[in-house]
Amino acid sequence: MAEKPRTHPSRLGDSATLKLPGWRRGVFPFACAVVVASGFGLMSGEEPRLETGAAMVGIGMVAGSLFLLATNAWNRLQVHLDREGLTVAKLWTVRRYRWDEVSEFTVSGRGNARGAKLAYVVFDADRGTGMGRAMNRFLTGKSQILPVGLVFEDGSGDAIIIADVLNAWRSRALKHARKA
């Protein structure tokens, strides 16, 4: 009996983009707003703590603003796929990988937060060195981690589906390269 395809052919177009959904882009800035409000509370309390409160307000405002700027204006925390490879945009780096440079994509899960396991899409690539790559390998078994929480433009996808789709894109590109 033939194995059922795990990836719908409509996912294999000329290009696709995986992004954070809008609600996920708002979670971190909301947490920063809570820190800012707490800082104002410390500065205006019965026994004002101006230094601590001012530091909390400053850090919260800067961190929240940078995150909003990075995810909305600079289009960070996304993955763009095309026939030649994928571009991974994290908060501070943007890296381009050809399909023949990356290993198979797998899902790695670490930690249990009240029964909810975090799932990461991971892969190996020869790019990058240093502590970050070593830490990724230690935590997930692979050298590269895609940003967590990405979905397709239509809002669908979890880590397992995304890994399957990325493997289908990679497989198609490698088959096409062998024919040429």
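We now turn to the structure provided with this report.

Thresholds, definitions, all that
Residues numbered from 1 in each chain as written. Predicted model: local features only at pLDDT ≥ 70, side-chain atom pairs only at ≥ 80, totals over all residues. Heavy atoms only, no water. 1 Å grid on protein atoms, 1.4 Å probe; cavity = no way out; pocket = protein on both sides within 12 Å on 5 of 7 lines; lining within 4 Å. Points joined across faces, edges and corners; volume = space filled by probe spheres on them. Helix = DSSP H or I, 4+ residues; strand = E, 2+ residues; numbered from the N terminus. Nonpolar A, V, L, I, M, F, W, Y, C, P; charged D, E, K, R; others polar. Buried < 20%, exposed > 50% of the residue type's maximum accessible area, 1.4 Å probe, protein only. Contact = heavy atoms within 4.5 Å. Phe/Tyr/Trp six-rings, centres within 6.5 Å; stacked < 30°, edge-to-face > 60°. Lys NZ or Arg CZ within 6 Å of the ring centre and 35° of its normal. Pairing = 2+ DSSP bridges. Axes fitted to C-alpha atoms, helices over the stretch in contact; angles between N-to-C directions. Salt bridge = Lys/Arg side-chain N within 4 Å of Asp/Glu carboxyl O.

**Considerations on the layout of surface pockets**
Next up, step 1: Size it by volume and the largest pocket reaches roughly 340 Å³.
Next up, step 2: Arg24, Ala119, Val148, Gly149 and Leu150 are, among the 18 residues lining the largest pocket, the residues nearest its centre.
Next up, step 3: Going through the elements one at a time, β6 (116-123) and α4 (159-179) are the ones with two or more residues in the lining of the largest pocket.
Next up, step 4: In terms of residue count, the dominant contributor to the lining of the largest pocket is β6 (five residues).
Next up, step 5: Across the lining of the largest pocket, the residue classes tally to 13 nonpolar, two polar and three charged.
Next up, step 6: A volume near 160 Å³ is recorded for the second largest pocket.
Next up, step 7: A per-class count over the lining of the second largest pocket returns five nonpolar, no polar and one charged.

**A closer look at the environment of valine 148**
Next up, step 1: With respect to the element layout, valine 148 can be found in the loop between β7 (144-145) and α4.
Next up, step 2: On the basis of relative accessibility, which here comes to 38%, the residue valine 148 falls in the partly exposed class.
Next up, step 3: Remark: the alpha-carbon pair of valine 148 and leucine 118, spanning 30 residues in sequence, is separated by 8.5 Å.
Next up, step 4: For valine 148, the contacting residues outside a window of four places in its chain are Leu20, Ala119 and Tyr120.

**Digging into the packing of aromatic side chains**
Next up, step 1: In total, this model carries four aromatic pairs according to the counting rule given.
Next up, step 2: Between tyrosine 97 and phenylalanine 123, the aromatic rings sit 5.4 Å apart at their centres with planes inclined by 85°, giving edge-to-face as the arrangement. Here tyrosine 97 is found in strand β4 (residues 94-98), whereas its partner phenylalanine 123 is found in strand β6, with 26 residues between them in sequence.
Next up, step 3: Look at phenylalanine 123 and you get buried, because its relative accessible area is 1%.
Next up, step 4: Over the face of the ring belonging to tryptophan 169 we find arginine 172, whose NZ or CZ atom lies 4.7 Å from the ring centre.

**A short note on the sheet that holds strand β1 (residues 15-19)**
Next up, step 1: Across the sheet, four strands lie side by side as β1-β2-β3-β4; this open sheet has antiparallel pairing. One side of each edge strand has no neighbouring strand; the edge strands of this open sheet are β1 and β4. On average, each strand axis in the sheet is tilted by 15° relative to the strand beside it, whichever way the strands run.
Next up, step 2: Bridge count between strand β2 (residues 78-82) and strand β3 (residues 85-89): four bridges; the pairing is antiparallel. Across the sheet, the residue bridging to glutamine 78 is alanine 89, located in β3.

**A word on the pattern of salt bridges**
Next up, step 1: All chains considered together, the criterion is met by four salt bridges.
Next up, step 2: Between arginine 83 and aspartate 14 there is a salt bridge; the shortest N-O distance is 2.8 Å. With a gap of 69 residues between them, arginine 83 in the loop between β2 and β3 and aspartate 14 in the segment before β1 connect regions that are remote in the sequence.
Next up, step 3: For aspartate 82, the salt bridge is made with arginine 96, and the minimal N-O distance between the two is 2.8 Å. With aspartate 82 in strand β2 and arginine 96 in strand β4, the pair connects residues that are 14 residues apart, well separated along the chain.
Next up, step 4: Connected through shared salt-bridge partners, Arg98, Asp100 and Glu101 make up one network.

**Some thoughts on the environment of alanine 54**
Next up, step 1: Position of alanine 54 relative to the elements: it lies in helix α2 (residues 50-73).
Next up, step 2: With relative accessibility at 40%, the residue alanine 54 sits in the partly exposed group.
Next up, step 3: Taking the C-alpha atoms as reference points, alanine 54 and phenylalanine 40, separated by 14 residues in sequence, lie 7.4 Å from one another.

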